[in-house]
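Architecture at a glance
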Amino acid sequence: MEVFFLVALFFMCEISGSVAFQQIAAEKSMLKTYIVHVNEPVGKFSAQSEGLESWYQSFLPASTESENQPKRFLYSYRHVISGFAARLTEEEVKAMEKKDGFVSATPEKIYHLHTTRTPGFLGLHNRSGFWKGSNFGEGVIIGLLDTGVYPQHPSFSDEGMPLPPAKWTGTCEFNGTACNNKLIGARNFDSLTPKEQPIDIDGHGTHTASTAAGNYVKHANIYGNAKGTASGIAPRAHVAVYKVCGILGCGGSDILAAYDAAIEDGVDVLSLSLGGDSAPFYDDPVALGAFAAIRKGIFVSCSAGNSGPAPFTLSNEAPWILTVAASTLDRRITATAKLGNTEEFDGESLYQPRNFSSKLLPLVYAGANGDQASAYCAPGSLKNLDVKGKVVVCDRGGEIPRTEKGVEVKDAGGAAMIMANGINDSFSTFADPHVLPATHVSYAAGLKIKAYLKSTSKPSATILFKGTNVGVTSAPEITSFSSRGPSIASPGILKPDITGPGVSILAAWPAPLLNVTGSKSTFNMISGTSMSCPHLSGVAALLKSAHPNWSPAAIKSAILTTADTLNLKDEPILDDNHKRADLFAIGAGHVNPSKANDPGLIYDNEPYDYIPYLCGLGYTNAQVEAIVLRKVNCSKESSIPEAELNYPSFSIALGSKDLKFKRVVTNVGKPHSSYAVSINAPEGVDVVVKPTKIHFNEVYQKKSYTVIFRNIGGVNSRNRYAQGFLKWVSGTHSVKSPISVTFE
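For every chain, the first residue of the written sequence is number 1, and numbering continues from 1 onward in sequence order. Per-residue local features are limited, in this predicted model, to residues with pLDDT of at least 70; the limit for side-chain atom pairs, both in listing and counting, is 80 or more; totals at the level of whole chains, interfaces and linings are taken over all residues. Note that water and hydrogens are dropped before the side-chain values are worked out from all heavy atoms of the structure.

For a regular strand, side-chain orientation follows a simple rule: the groups alternate between the two sheet faces. Covered by surrounding structure in strand β26 (residues 523–526) are Phe523 and Met525 together with Asn524 and Ile526, the residues of both alternating faces. By the convention used here, strands pair only if DSSP detects at least 2 bridges between them. By definition, any uninterrupted DSSP run of H or I lasting at least four residues is a helix, any uninterrupted run of E lasting at least two residues is a strand, and each is numbered from the N terminus. Direction of pairing for strand β25 (residues 505–508) relative to β26: antiparallel, over a ladder of 4 bridges. Counterpart to Ile505 in the pairing with β26 is Ile526. Exposed residues in this analysis have more than 50% of their type's maximum accessible area, buried residues have under 20%, and partly exposed residues fall in between, with area computed by a 1.4 Å probe over protein chains only.

On to the environment of Ser54, then. Tracing the backbone through its elements, the reader meets Ser54 in helix α2 (residues 49–57). Residues Ser54 and Ser76 lie 22 residues apart in sequence; the distance between their C-alpha atoms is 9.6 Å.

To continue, consider unusual backbone geometry. Looking along the chain, the bond that leaves Gly308 and enters Pro309 is cis, with omega of 5°. With respect to the helices and strands, Pro309 occurs in the loop between β15 (299–303) and β16 (322–327). With omega at 0°, the peptide bond leading from Gly485 into Pro486 counts as cis. Along the polypeptide, Pro486 turns up in the loop between β23 (460–470) and β24 (498–501). One non-glycine residue with positive phi stands out, namely Ser504, at about 55°. Within the secondary structure, Ser504 sits in the loop between β24 and β25. Positioned with a positive phi, Tyr700 is a non-glycine residue whose angle comes to about 70°.

Checked against the element boundaries, Thr462 lands in strand β23. The definition of a polar contact used here is a pair of N or O atoms within 3.5 Å, where within protein one atom must be able to donate a hydrogen and the other to accept one, and adjacent residues in sequence count solely through side-chain atom pairs. There is a polar contact of 3.2 Å between the side chain of Thr462 and the backbone oxygen of Ser357. Polar contacts involving the side chain of Thr462 include one to the main-chain carbonyl oxygen of Lys359, which spans 3.5 Å.

Criterion for a salt bridge: a side-chain nitrogen of Lys or Arg within 4 Å of a carboxyl oxygen of Asp or Glu. Taken as a whole and judged by the stated rule, the model has 19 salt bridges. With its nearest N and O atoms 3.4 Å apart, the salt bridge here joins Asp386 to Lys390. Look at Asp386 and you get exposed, because its relative accessible area is 54%. Lys390 sits in the buried class, given a relative accessible area of 18%. Note that Asp658 is salt-bridged to Arg710, the shortest N-O span being 2.9 Å. Residue Asp658 is found in the loop between β28 (650–654) and β29 (659–667), and its partner Arg710 is found in strand β33 (residues 702–711); the two are separated by 52 residues along the sequence.

Turning to the packing of aromatic side chains, a few remarks are in order. Centres within 6.5 Å make a pair out of two Phe, Tyr or Trp rings, where for Trp the six-membered ring is used; the pair is then stacked when the planes are under 30 degrees apart, edge-to-face when over 60, and tilted otherwise. Under the definition given, this model contains 19 aromatic pairs. Centroid distance Tyr75 to Phe189: 6.4 Å. Interplanar angle 45°. Geometry classified as tilted. Residues Tyr75 and Phe189 agree in their burial class; the two are buried. Cluster of aromatic residues (ring-pair linked, three or more members): Trp55, Tyr56, Phe59, Phe73 and Phe84. A ring has a charge above it when a Lys NZ or an Arg CZ is no more than 6 Å from the ring centre and no more than 35 degrees off the ring normal. One residue, Arg630, lies across the ring of Tyr608, its end atom 4.5 Å from the ring centre. When the ring centre of Phe725 is taken as origin, the NZ or CZ atom of Lys736, which lies over that ring, is 4.9 Å away.

Okay, structure coming up:
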């Protein structure tokens, strides 16, 4: 899935003083949704729901509610922040700032979505191992904040499902019996459609929910490809859906309200395949809600974003969130471009027509005339070009969705399409549901195809459709769109944390695709960190089922320290350029659920362990209090640098001075066990660990160690970064922490 941004051009012109004044006055009187932070209620107001809402209402002007205008007071928050959301004017906010107990008010931000084979690829098998041992996630409730759900899909059948846990207090806003023992709750928090049911008209929420915890559906396929039994990663977990995204995106106030409800309802895992630009954690509804969730023992998994491969493009960077990158499966739906000179280039396409002839057809590059719109096969760009009956080469990008390029080629009479990557997307290709015979090829293949076009007066090509191929040994590979670190909000925490399957993922879809009719079991194949996130949410549910007493930090640690850094060929995982993926792309590595079930040691944190870290970020007392919801005095807290947080990875900025950090590990393996340190030091860095051996006599025993990082030079001045690993190794476990070094 690609995220496209519209660029608006603002032209300045002179306007009269009176018109400017009127415009400013109009803006000040315009209603906007604000998220308002206030102190906890005192005096006559109690913390009970009625008293709490009265306390919040006391900050509003008396005239905010009337029958002639839309509802102004939107949400009264109980768990995520001390505050509320309301539609207010700038003038009303300024008046509110003068009231005792007011802390801050910010206009809400709009967040965006980050949009059969994967259980087996992840080593999860029906009859043995961790999947069976975790009872497939039974008894765990996964909450998803997304676009809603299509409840009639067979992925949400409750066949074989037990009753929801007794702690569940959520509700279902669908009419009739749409909810069941699988889909146990569904609520709508899209403030633009408050009276509608949480039905998914986009498809995104249905896809992510079924990826995390969809029930078994036999004979799943798309266009006859990727045939098999589809299921979520935790097929016996319960699903609760909270619709927060609509046609304009996902409102920050709606996200906080959904968090509030999910915490109250009793979910165990929260999955959010959405995000926005980097922001301080006190001004980020995703981070605020996630902290409230972990305070209640709820694990939170979020997508890293689809703005790669550029650095500093991450969303959802808070250390109490699992931030998930995207990588490939070992499955390809192959479509091969064959040229008139007999050269062949493998690409991908979900649409694989059986009746498409292998006969060579005339080949043309849509951008041969130098027109960029034509090169991208933008809507209407080919109407004056002679493409009828030809294979048309289109460039990927240009803010044109991949399948829309095929629509333009088909409308102009083209017989087929070869879509070639640009340099930024390199080798990352996708199996899309194209509307005509097509293949998506790499940048390198595109260059060779264009060179062939120039080499002959009668270029020709066809597309050979080869169907589903499993066992691609280069998998997993980091895909180009997956957002990269370093983190802007907190450079001292290595992000993303982990990668999981996010390319060409088959999962439930609310309606039949083009040419797929007569089937109730509708599926679609899409890509994005939106798809990798629910995979990790499902893995967290399996771990929660197997280890109900583990904290969210313990589950995260188990996932990170057992991650794979080698592909199926036992070679380092590569990125979209077929170079070794760095830590800012891959985090700790690719998730290995079976290993995560038995990590040996964990790096644990309690919620309030983050307070010294937040003070160390330079946040004010009020800003930290907005996150942790308790009084804080940073001048009296033992503030720590970011890299001192007891995190299962290291991200440090190293200059001429040595840096020393402490870590605490907890034994969750055998009672009597011993570990020795093994170091793969980053280039130009000396790493000293004390002690070099640690011994445990009981389960849950804690031991500490220190790490000293010393700059010893010898690094190319053009390369600011180096990476390595620190491992604690026993006879049965290898507990690995990645090390990322930025040279100052």
